[in-house]
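# Results of the structural survey
Below, each chain spelled out in residue letters.
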Amino acid sequence: MSQSAKKRITLAFTGASGAPYGLRLLECLLAADYTVYLLISSAARVVMATEHGLKLPSGPEAAQKALVEHLNGHSEKLIVCGKEDWFSPVASGSAAPKQMVVCPCSAGTVASIAHGMSDNLIERAADVVMKERGQLLLVVRETPFSTLHLENMHKLSQMGVTIMPAAPGFYHQPTSIDDLIDFMVARILDHLGVEQGLVPRWGYDQRDQN
Ligand SMILES: Cc1cc2nc3c(=O)[nH]c(=O)nc-3n(C[C@H](O)[C@H](O)[C@H](O)COP(=O)(O)O)c2cc1C
C-alpha cells in the first residue's frame, strides 16, 4: 500500500461546544494530505452555526460543498458521509480507516459509544474502530462532568480509547482564541502521529523566555 493510500482518517463533529476545534483539525488533516471521512451530527450543525456562523446543510453533498468553500479548496480529499450511510467505508471493519477522532465530542456521543449503540454512522464508525483495535480519540467537552460522564469515559479509556478533554493549556502564552484552538489541535495531531508545528513545544522555546 502506498504511503498516501494509508493516510485516511475518520473525523466526526458532534454537538458539543468547540466547533472551531473541529474545523481547524479538519483543515490541518487536509493540509497534511489525509483523506478525511467527515461525519456531522445534527446537533453539530446547530453548534457550528451558533459558534462559528457556518451554516452546514443537512445533505452530505451540500455540506461537503459548503465546507470546501469555507476551507478554500482540498475538495478531492474530503468525503462527507450521511448519518445513515451504512455503505460508507467507515461502517465496516473491512474498509474503515484505522484512526478516528470525534472533535468536539458531546457527552451524549460518549455515552452512545460506551454502550455500543451504533445507531448512527458516528457511533457505528467508533464501534468499528474499537473492535478493529484502531485508534479512537474523543475530544470531550462538558463541564462539570457528572459521575455518569466519568464512568463512560473510564470505561472507554480502559478499552484503549484516548479521552482528550477540550482543555487548552496556557503555558504557551496564548494571545488569541486561535492560539487556544491551535493548542488543542496540536495535541490531537501529536497523538495521531501527524507532523505539526502549530505551537512551541514544552522545554524548547520556553527556555528562551525565562
Ligand atoms: C450551542 C450548543 C452547545 C452545546 N454544548 C454542549 C457541550 O459542550 N457538551 C455536551 O455534551 N453537549 C452540548 N450540547 C448539547 C448536545 O448538542 C446535545 O446533547 C445533543 O443531543 C448531542 O448530540 P450528538 O452527540 O449526536 O451531536 C450543546 C448544544 C448546543 C446547541
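Analysis parameters
Sequence positions are assigned chain by chain, starting from 1 and proceeding in written order. Per-residue local features are limited, in this predicted model, to residues with pLDDT of at least 70; the limit for side-chain atom pairs, both in listing and counting, is 80 or more; totals at the level of whole chains, interfaces and linings are taken over all residues. Angles run from 0 to 180 degrees between N-to-C directions of axes, and those axes are lines fitted to C-alpha atoms, restricted for helices to the stretch in contact. To qualify as a helix, a DSSP run of H or I must reach at least 4 residues; to qualify as a strand, a run of E must reach at least 2; elements of each kind are numbered from the N terminus. Roughly parallel means an angle under 35 degrees; roughly antiparallel means over 145; roughly perpendicular covers 65 to 115; every other angle is labelled oblique. Distance between backbone-placed C-beta atoms decides contact: two residues are in contact if it is within 7 Å. Gly falls in the polar group here, along with every residue not listed as nonpolar (Ala, Val, Leu, Ile, Met, Phe, Trp, Tyr, Cys, Pro) or charged (Asp, Glu, Lys, Arg). UniProt positions are given in the numbering used here, feature names are shortened, and annotations may be inferred rather than shown by experiment. Counting other C-beta atoms within 10 Å of each residue's C-beta, where C-beta atoms are placed from the backbone, gives the exposure class: buried for 20 or more, exposed for 12 or fewer, partly exposed between. Helix crossings get a hand from a simple test, with the near helix turned counterclockwise from the far one by less than a right angle marking a left-handed crossing and a clockwise turn marking a right-handed one. Any residue whose C-beta atom, as placed from the backbone, lies within 6 Å of a molecule or strand is termed near it. Strands qualify as paired when DSSP identifies two bridges or more between them. A helix is expected to span 1.5 Å multiplied by its residue count minus one. Relevant arc is that of directions from the helix axis to the C-beta atoms, nothing else.

### Structural notes on the packing of helix α2 (residues 19–31) against helix α3 (residues 42–52)
In contact at an axis separation of 9 Å, α2 and α3 are set at 95° when each is read in the N-to-C sense. By the angle between their directions, the pair α2 and α3 is classed as roughly perpendicular. Across the interface between the two elements, Ala-19, Pro-20 and Leu-23 from α2 touch Val-47, Met-48, Glu-51 and His-52 from α3. Classifying every residue of the contact of α2 with α3 by side-chain character gives five nonpolar, one polar and one charged.

### Some thoughts on unusual backbone geometry
Following Cys-103, the chain continues into Pro-104 via a peptide bond in cis, with omega recorded as -5°. Mapped onto the elements of the fold, Pro-104 is located in strand β4 (residues 99–105). With an omega of -10°, the peptide bond between Thr-143 and Pro-144 qualifies as cis. Topologically, Pro-144 is positioned in the loop between β5 (135–140) and α7 (147–158). Of note in the backbone geometry, Asp-33 takes a positive phi value of approximately 75° without being a glycine.

### Some details on the UniProt feature "binding site: FMN" (unreviewed entry) in the chain
As recorded in UniProt, the feature "binding site: FMN" (unreviewed entry) lies at Gly-15, Ala-16, Ser-17, Ser-41, Ser-106, Ala-107, Gly-108, Thr-109 and Arg-141. For Ala-16, the position within the fold is in the loop between β1 (8–13) and α2. For Ala-16, a count of 27 C-beta atoms within 10 Å corresponds to the buried category. Excluding residues that lie within four positions of it along the chain, Ala-16 makes contacts with Pro-104, Cys-105, Ser-106, Arg-141 and Glu-142. With respect to the helices and strands, the residue Gly-108 is situated in helix α5 (residues 107–114).

### Topic: the packing of α2 against helix α8 (residues 177–192)
Across the interface, α2 lies against α8 with an axial gap of 9 Å and an inter-helix angle of 50°. By the criterion of interaxial angle, the relationship of α2 to α8 is oblique. Viewed along their axes, α2 and α8 form a crossing whose handedness is right-handed. Counted together, Pro-20, Tyr-21, Arg-24, Leu-25 and Cys-28 of α2 and Ile-181, Asp-182, Met-184, Val-185, Ile-188 and Leu-189 of α8 form the full contact between these two elements. The residue makeup of the contact of α2 with α8, split by class, is nine nonpolar, no polar and two charged.

### Side note on the site of the ligand
Residues in close proximity to the ligand total 16 residues, the closest being Thr-14, Gly-15, Ser-41, Ala-43 and Ala-107. Looking at the shell around the ligand, the elements with two or more residues in it are α3 and α5. At five residues, the largest contribution of residues to the shell around the ligand is made by α3. Of the residues contributing to the shell around the ligand, the split by class is six nonpolar, eight polar and two charged.

### A look at the sheet that holds strand β6 (residues 162–163)
The parallel open sheet is built from six strands, whose spatial order is β3-β2-β1-β4-β5-β6. Pairing within the sheet leaves two strands with one partner each, and these edge strands are β3 (78–81) and β6. In this structure, β1 lies alongside strand β2 (residues 35–40), joined through six bridges in parallel fashion. Across the sheet, Leu-11 pairs through a bridge with Leu-38, a residue of β2. Most of the contacts of helix α4 (residues 60–71) go to β3, to which it runs at about 145°, and overall it touches β2 and β3.

### Focus: α4
For α4, with twelve residues, the first-to-last C-alpha span of 16 Å sits near the 16 Å given by 1.5 Å per residue. Within α4, burial applies to Pro-60, Ala-63 and Leu-67. Here the buried residues of α4 occupy an arc of 60° about the axis, which is enough to place them on one side. Within α4, the exposed residues directed more than 90 degrees away from the buried face are Glu-61, Ala-62 and Glu-69. Buried positions along α4 lie against β2 and β3. Following α4 by one or two positions, Asn-72 adopts a phi angle in the positive range, close to 60°.

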